[in-house]
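# Structural features, examined
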Amino acid sequence: MAYTSEVVSTTPFPGQKPGTSGLRKPTGTFQTPNYTENFVQSTLAAIGDKLSGATLVVGGDGRFFMREAVGLIVQIAAANGVGKLIIGQNGLLSTPAVSCLIRKRQAAGGIILTASHNPGGPNGDFGIKYNTGNGGPAPEAITNKIYEHSEKITEYKICRGLQVDLNRIGTTEFKVDGRTFTVEVTDSVDDYLNLMKDIFDFAAIKKLLDGGLKVVINAMHGVMGPYVKRVFHQELGVELDSCLNCDPSEDFGGHHPDPNLTYAADLVDLMKKGTYGFGAAFDGDGDRNMLLGQNAFFVNPSDSVAVISANAACIPYFQRKPVAGLARSMPTSGAMDRVASIDGVKMYEVPTGWKFFGNLMDAGRLSICGEESFGTGSDHIREKDGMWAVLAWLSILASRGQSMEQVLQDHWRKYGRNFFTRWDFEGVPDEPATKWMENLRDMVSAEKVKDLVGKSFSKGGKTFTVSEADDYRYTDPIENRLTTKQGVRMIFDHGSRAIFRLSGTSSQGKTVRMYIDSFESDQSKYGMDSQEALRPLVEIALEVSRFKETTGVEKPTVIT
């Protein structure tokens, strides 16, 4: 059947500025007439000349309003001259799977419908994110273009009558304005699963599990449900009742789909019973992971990526392609730095945001990277990848014949231990949060930082002296582009750090994050609880930053 597109007049909506992970707003905002249409049109306009006849990948995490948004993207893409869309069955694709498909199919890019670990549902959040042809998040040059178009948009193109059955796998061709427009609905898991089977030795992992290691995997009612069933149940033989919450839900079962000790407390409680030796949880769109050992032994994400880096030779992918370099986001602990230093591998520190890793990967300088926010990955795609991290750990356990806790204890004995914690204060009102950040930046400004450096603070019988302080800035070694205002750092003697940031992932209010990192070489202290070990420095950081006095907020929402 032939279709004709139409042009619809519209007016701009304020604030359609994508952050490091796309545009995130309350779901009701995206449901406002023309709001989603405007942003999709602005995204396509930012692609520019490459759009005509291009192939784009589309998928999301299954949250409320996703199917409607996919329908709008189909109609707007058809009207704007896109040649082909590849869409996950039922609209579902994990964020790592989108990156995989973009790269495998050599697509021009992809549109991901997710607000990641933010709650979903009619009263939750929704998000739209554009990934470029390398499979990674759009760089600032493109997100700025999207925002510029959204600020001056006067019309969008749409082919209203065109409908696609997202439930049925197959390819359909349409005639739109005399051009051929193709939609392929593909299995959500197949291509990604094949990539994992190329990277890891599934037979070795299955032997480990058949040998008695009991695992439990929690998909948290997000997009990872189908992936967990295929990988762990069908491929690795894990009992189906050990694959939890695998039915994607529009509101994630009424829960917060964030895999941390607070929001995945049910998994923590289950692991405390001692039945399982390995537990994992994923966030809504599958790019983040939490790992637990027997009796709920918590593997801090900063330690996780350091251990994977130190044991990369346990993974067939890195046996074929030796590690070129390691990288972490600036707030992530220095545990990975210790691995790089002792093992003689190039190390990079970058701002928060996966796109900064992507440039290094595309230049062949980076193989393994991670963020303290439960994101871990490698150069197999250009996104953080929760399933990859879980399979990497199982590969290490299979190769070493140890428990997770034994692997960590050996790691600390060789490299030392970085005690690390992150305190999240969610929903802080905009004005006091912004004022607090401005005060911190002023404190470390060129004019005033001299008053801070050299100053000593004491708590709990410990004294810390500030050796340097700044507002972190980064010059990309590939593009030579400067990125500023990435977080205020206070670095103390012996390498301890306190870092303060405003997160860009919240749709309402501000999320304030405080990161505390302290290296310890005394093996007798490795068994200490992180919160206990870091309490003096936490109290100093709160006092020096004047957080409570400025914001009026007393307690964190989440402690990791």
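Let me sum up the structure you'll find in this document. (Residues numbered from 1 in each chain as written. Predicted model: local features only at pLDDT ≥ 70, side-chain atom pairs only at ≥ 80, totals over all residues. Heavy atoms only, no water.)

Attention now moves to the pairing of strand 14 (residues 289-293). With 5 of its 5 residues buried, strand 14 lies for the most part within the structure. Here strand 14 shows no split at all, with Asn289, Leu291 and Gly293 on one side and Met290 and Leu292 on the other all buried. In this structure, strand 13 (residues 278-282) lies alongside strand 14, joined through 5 bridges in antiparallel fashion. Across the sheet, Phe278 pairs through a bridge with Gly293, a residue of strand 14. In sequence, strand 13 turns back onto strand 14 through a hairpin of 6 residues, with Gly286 there showing a positive phi of about 85°. The sheet contact formed by strand 14 and strand 15 (residues 297-299) spans 3 bridges and is antiparallel. The residue of strand 15 that forms the bridge with Leu292 is Phe298. The hairpin formed by strand 14 and strand 15 contains 3 residues between the paired strands, and Asn295 there has a positive phi angle of roughly 60°. (Buried < 20%, exposed > 50% of the residue type's maximum accessible area, 1.4 Å probe, protein only. Helix = DSSP H or I, 4+ residues; strand = E, 2+ residues; numbered from the N terminus. Pairing = 2+ DSSP bridges.)

Time to look at the layout of surface pockets. As a volume, the second largest pocket reaches approximately 360 Å³. Elements represented by at least two residues in the lining of the second largest pocket include exactly strand 15, helix 15 (404-415), strand 20 (417-428) and helix 18 (530-545). Here the lining of the second largest pocket is composed, by residue class, of 9 nonpolar, 6 polar and 4 charged. (1 Å grid on protein atoms, 1.4 Å probe; cavity = no way out; pocket = protein on both sides within 12 Å on 5 of 7 lines; lining within 4 Å. Points joined across faces, edges and corners; volume = space filled by probe spheres on them. Nonpolar A, V, L, I, M, F, W, Y, C, P; charged D, E, K, R; others polar.)

Attention now goes to empty space enclosed by the protein. On inspection of all chains with the given rule, the structure shows 3 cavities of 30 Å³ or more. Size it by volume and the largest cavity reaches roughly 80 Å³. Within the residue set of the lining of the largest cavity, elements represented by two or more residues are helix 2 (35-47), strand 7 (125-132) and helix 5 (140-152). With 3 residues, the single largest contributor to the lining of the largest cavity is strand 7.

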